[in-house]
Amino acid sequence: MLILASQSPRRRELMGLFRIPFEVHAANIDETMEPGLAPADAVAALSRRKACAVARGEGDTVVAADTIVVCDGQILGKPHSEAQARQMLRLLSGREHQVMTGVSVLSASGFLTATEVTDLRFRPLSEREIDAYVATGEPMDKAGAYGIQGGAALFAEHLRGDYYNVMGLPVCRLWKMLHQLGIV
């Protein structure tokens, strides 16, 4: 059985693209990033911890992922308040940043971890636009305080890399990992 170690509705939706039956078993861990690691390494390490935290039976494969936004070396996770969401969006306004997703696959045939990086640039945002977007509630459960598949689609001026990575799961990279392990 394929197990997705995430309760994210976006990741569930993206896993459905594979047309492989899977179950959802969220990893119940402390999601604090390891200090001293580069952002790409920290998000990969967190995905590994999530994969290892999910119980699996013989023959099961666990897929785990975690996504962060990085701007000028600063890691932006999910905002804890509307004020923090506004602050994040101001930081990203008119600037390029990176979306990094660490993804891990744990199976009987091996354990693979990778980090996918997508470069994204927002157009300059007005305070009114930021306030209106935060008022929708959409930013509150998303790294960097935005969802590219939602209202923030209007902010994205340029994207280089995997669009689905920005949604939270690099599906092409994951497919290659599953293929490498003989799962697909």
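Here, the structure is the one placed above.
The rules behind these values
- Residues numbered from 1 in each chain as written.
- Predicted model: local features only at pLDDT ≥ 70, side-chain atom pairs only at ≥ 80, totals over all residues.
- Heavy atoms only, no water.
- Helix = DSSP H or I, 4+ residues; strand = E, 2+ residues; numbered from the N terminus.
- Buried < 20%, exposed > 50% of the residue type's maximum accessible area, 1.4 Å probe, protein only.
- Polar contact = N/O pair within 3.5 Å; in protein donor to acceptor, adjacent residues only side chain to side chain.
- Arc of directions from axis to C-beta.
- Contact = heavy atoms within 4.5 Å.
- Salt bridge = Lys/Arg side-chain N within 4 Å of Asp/Glu carboxyl O.
- Core = buried A, V, L, I, M, F, W, Y, C linked by side-chain atoms within 4.5 Å.
- Lys, Arg positive; Asp, Glu negative; His and termini not counted.

K.L.:
Lay out the environment of Thr136 with the relevant residues and their values.
P.N.:
One can find Thr136 in the loop between α4 (127-135) and β7 (156-160). On the basis of relative accessible area, Thr136 is assigned to the exposed category, the value being 54%. Considering only alpha carbons, one finds Thr136 and Leu37, 99 residues apart in sequence, at a separation of 34 Å. Within the structure, Thr136 has its side chain in polar contact with the backbone nitrogen of Glu138 (distance 3.2 Å).

K.L.:
Now, about helix α3 (residues 82-92): what can you tell me, with residues and values included?
P.N.:
Looking only at α3, the buried set comprises Ala85, Met88, Leu89 and Leu92. Buried residues along α3 cover an arc of 95 degrees about the axis, so they all sit on one side. Summarising the geometry of α3, the exposed residues directed more than 90 degrees from the buried face are Ala83 and Gln87. The inward-facing, buried residues of α3 abut β3 (61-71), β4 (74-76), β5 (96-107), β6 (110-122) and α4. Residue Gly94 follows α3 closely and has a positive phi angle near 70 degrees.

K.L.:
Got a sec to walk through the pattern of salt bridges? Specific residues and values, please.
P.N.:
A side chain of one charge can pair with a side chain of the opposite charge when the charged atoms of the two come close. Per the stated rule, a full pass over the model turns up 14 salt bridges. The salt bridge partner of Arg90 is Glu127, with a shortest N-O separation of 2.9 Å. Taken together, the positions of Arg90 in helix α3 and Glu127 in helix α4 put the pair 37 residues apart, joining distant regions of the chain. Overall, Arg90 belongs to the partly exposed group, its relative accessible area being 40%. A salt bridge links Glu157 to Arg121, with the shortest nitrogen-to-oxygen separation between them at 3.1 Å. Taken together, the residues span a long stretch of sequence, with Glu157 in strand β7 and Arg121 in strand β6 at a distance of 36 residues. On the basis of relative accessible area, Glu157 is assigned to the partly exposed category, the value being 49%. Through salt bridges that share partners, Arg10, Asp141 and Lys142 make up one connected network.

K.L.:
Can you lay out the nonpolar core for me, pointing to particular residues and giving the numbers?
P.N.:
Counting 39 residues, the largest nonpolar core has Met15, Val63, Leu89, Phe122, Tyr146, Leu169 and Leu174 as its most contacted members. Leave out the neighbours within four places in its chain, and Phe122 touches Leu89, Leu92, Ser93, Gly94, Arg95, His97, Tyr146, Phe155, Ala156 and Glu157. Formed by 8 residues, the second largest nonpolar core is a distinct cluster that contains Ile3, Ala51, Val62 and Leu106.

K.L.:
Help me get a handle on the side chain of Asp60, residues and values and all.
P.N.:
In this structure, Asp60 sits in the loop between α2 (39-53) and β3. An unpaired buried charge is present at Asp60: no salt bridge exists, and Arg56, the closest side chain of opposite charge, is 6.7 Å distant. A distance of 2.7 Å separates a polar atom in the side chain of Asp60 from the backbone nitrogen of Gly57. If near-sequence neighbours (up to four positions away) are discounted, Asp60 is found in contact with Met1, Ile3, Leu106, Ser107 and Ala108.

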